[in-house]
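# Observations on the three-dimensional arrangement
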Amino acid sequence: MSRKKSKGRSVTKLFPDPPPVGTSLLAARPANAVRSFLALRKSANKLFLSEPGPTAEELQELLTIAVRVPDHRKMAPWRFITFQGDARAQFGKELAHIAGRKPGAEAREVVEAAGLPLRAPTVVAVVSAPVDDGRTPVWEQELSAGALCYNLLLAANACGWGGVWLSEWIMFNPDVDALLGLAANERLAGFIYIGTATAQPQERIRPDVPALVTAWSGTQPSATK
């Protein structure tokens, strides 16, 4: 980690600065540590994230790394809404109001809604903001937003924080969209919760990859039963 001056104080940077635009980069970077990191990657449990989380400056670094994802035509079809400190509780109050307006809403649901943003010291809403320019498929841009969510998780994990990508009802509620000021072409790609893990996640059953792979042989494969 490098150090830089910020308003008269020394700040430890989490990542090196990006090179100047146009700099030649290696197409492949073999790294044993990265292979081990990816082989053991696991989301943290949403119920076991606590302080400390990233500072505002550290969060900006994480987001700077997160946007280094495939992005056809450099559309940058995404943006962030961050929640730290008291903003989390305020957001929770608004979520409680929304939950309370639901017909038949129970007191438990209202209380749970208020606590959603408080499960981690830092919450990042990733907004998918595709632009239909007639050339770049909207679906492709939405996939880029998904890649960004995952890249943010990797960046946070590599710096020692636990993280989890959640959706829940708040990602699909028009009142929440309005509260966050989403435009007509925007929708939430997910909420990323970042903090210090207070419990170690356990490995889970993984997909049977060979069963998911079909090698193209020039003819359409028949369905397996």
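How each quantity is defined
- Residues numbered from 1 in each chain as written.
- Predicted model: local features only at pLDDT ≥ 70, side-chain atom pairs only at ≥ 80, totals over all residues.
- Heavy atoms only, no water.
- Helix = DSSP H or I, 4+ residues; strand = E, 2+ residues; numbered from the N terminus.
- Buried < 20%, exposed > 50% of the residue type's maximum accessible area, 1.4 Å probe, protein only.
- Contact = heavy atoms within 4.5 Å.
- Areas by Shrake-Rupley, 256 points an atom, 1.4 Å probe, with all protein chains shown as cover.
- Lys, Arg positive; Asp, Glu negative; His and termini not counted.
- Charge placed at Lys NZ, Arg CZ, Asp CG, Glu CD.
- Axes fitted to C-alpha atoms, helices over the stretch in contact; angles between N-to-C directions.
- Parallel < 35°, antiparallel > 145°, perpendicular 65-115°, else oblique.
- Left-handed = near helix turned anticlockwise from the far one by under 90°.
- Core = buried A, V, L, I, M, F, W, Y, C linked by side-chain atoms within 4.5 Å.
- Polar contact = N/O pair within 3.5 Å; in protein donor to acceptor, adjacent residues only side chain to side chain.
- Disulfide = S-S within 2.5 Å.
- Patch = residues over 30% accessible without salt bridge, like charges linked within 9 Å, V, L, I, M, F, W, Y side chains within 5 Å.
- Salt bridge = Lys/Arg side-chain N within 4 Å of Asp/Glu carboxyl O.
- Phe/Tyr/Trp six-rings, centres within 6.5 Å; stacked < 30°, edge-to-face > 60°.
- Lys NZ or Arg CZ within 6 Å of the ring centre and 35° of its normal.

The next subject is the overall build of the protein. Per the secondary structure count, the protein includes 7 helices and 7 strands. Reading the protein from its N end, one meets helices and strands in the order β-β-α-β-α-β-α-α-β-α-β-α-β-α. Looking at the 225 residues of the protein, the share that counts as buried comes to 33%. Counted over contacts in the protein with a minimum sequence separation of 6, partners at least 24 positions apart contribute 77%. Element-wise, carbon and sulfur atoms account for 58% of the exposed surface of the protein, whose accessible area totals about 14400 Å². On the protein, the mean spot of the 26 positive side-chain charges and the mean spot of the 21 negative ones are 6 Å from each other.

Turning our attention to the packing of helix α3 (residues 86–100) against helix α4 (residues 107–115). Contact geometry for α3 and α4: axes closest at 7 Å, N-to-C directions at 155 degrees. The angle between α3 and α4 places the two elements in the roughly antiparallel class. Judged by the sense of rotation from one axis to the other, the crossing of α3 with α4 is right-handed. Across the interface between the two elements, Gly92, Leu95, Ala96, Ala99 and Gly100 of α3 pack against Glu109, Val110, Ala113 and Ala114 of α4.

Attention now moves to the nonpolar core. The biggest cluster of nonpolar side chains holds 24 residues, and the ones touching the most others in it are Phe83, Leu180, Leu188, Phe191 and Tyr193. Taken together, the elements giving at least two residues each to this core come down to β4 (78–84), α3, β5 (122–128), β6 (162–166) and β7 (187–197). Ranked by residues supplied to this core, first place goes to α3 with 4 residues. Here Leu188 is in contact with Ala125, Val126, Val127, Ile170, Met171, Val176, Asp177, Leu180 and Leu182, once residues within four sequence places are set aside. One finds Leu14, Leu59, Val69 and Ile194 within the second-largest nonpolar core, a separate group that totals 21 residues.

Along the chain, the position of Asn173 falls in the loop between β6 and α6 (174–179). Polar side-chain contacts of Asn173 include one of 2.8 Å to the backbone nitrogen of Asp175.

A word on the environment of Ala183. Residue position: Ala183 is located in the loop between α6 and β7. Residue Ala183 is classed as partly exposed on the basis of its relative accessible area, which comes to 39%. Ala183 sits 56 residues away from Val127 along the chain, and the two C-alpha atoms are 10.0 Å apart.

The subject of this paragraph is the state of the cysteines. Under the counting rule described, the total for this entry stands at 0 disulfides. Free cysteine: Cys159, not disulfide-bonded; nearest cysteine sulfur from Cys149 at 17 Å.

On the surface, Val34, Leu38, Tyr150 and Trp165 cluster together to form a nonpolar patch covering roughly 360 Å² of accessible area. Turning to its location among the elements, Tyr150 is positioned in helix α5 (residues 138–158). For Tyr150, a relative accessible area of 35% puts it in the partly exposed group.

Phi is mostly negative for residues that are not glycine, and the peptide bonds are mostly trans. Between Glu51 and the following residue, Pro52, the backbone shows a cis peptide bond with an omega angle of -5 degrees. Looking at where Pro52 falls in the secondary structure, it is placed in the loop between β3 (49–50) and α2 (56–66). With a phi close to 65 degrees, Arg73 is a non-glycine residue in the positive phi region. According to the relative accessible area criterion, Arg73 is partly exposed, its value standing at 34%. Positive phi, close to 55 degrees, is recorded for Lys74, a residue that is not glycine. Look at Lys74 and you get exposed, because its relative accessible area is 76%.

Tallied over the entire structure, the rule returns 2 aromatic pairs. Between Phe83 and Phe91 the ring centres are 4.4 Å apart and the planes differ by 20 degrees, which places this aromatic pair in the stacked class. The burial state of Phe83 is the same as that of Phe91; both residues are buried. Lying across the ring of Tyr193, Arg119 places its NZ or CZ 4.8 Å from the centre.

Treat this as a map of the structure, not an account of what it does.
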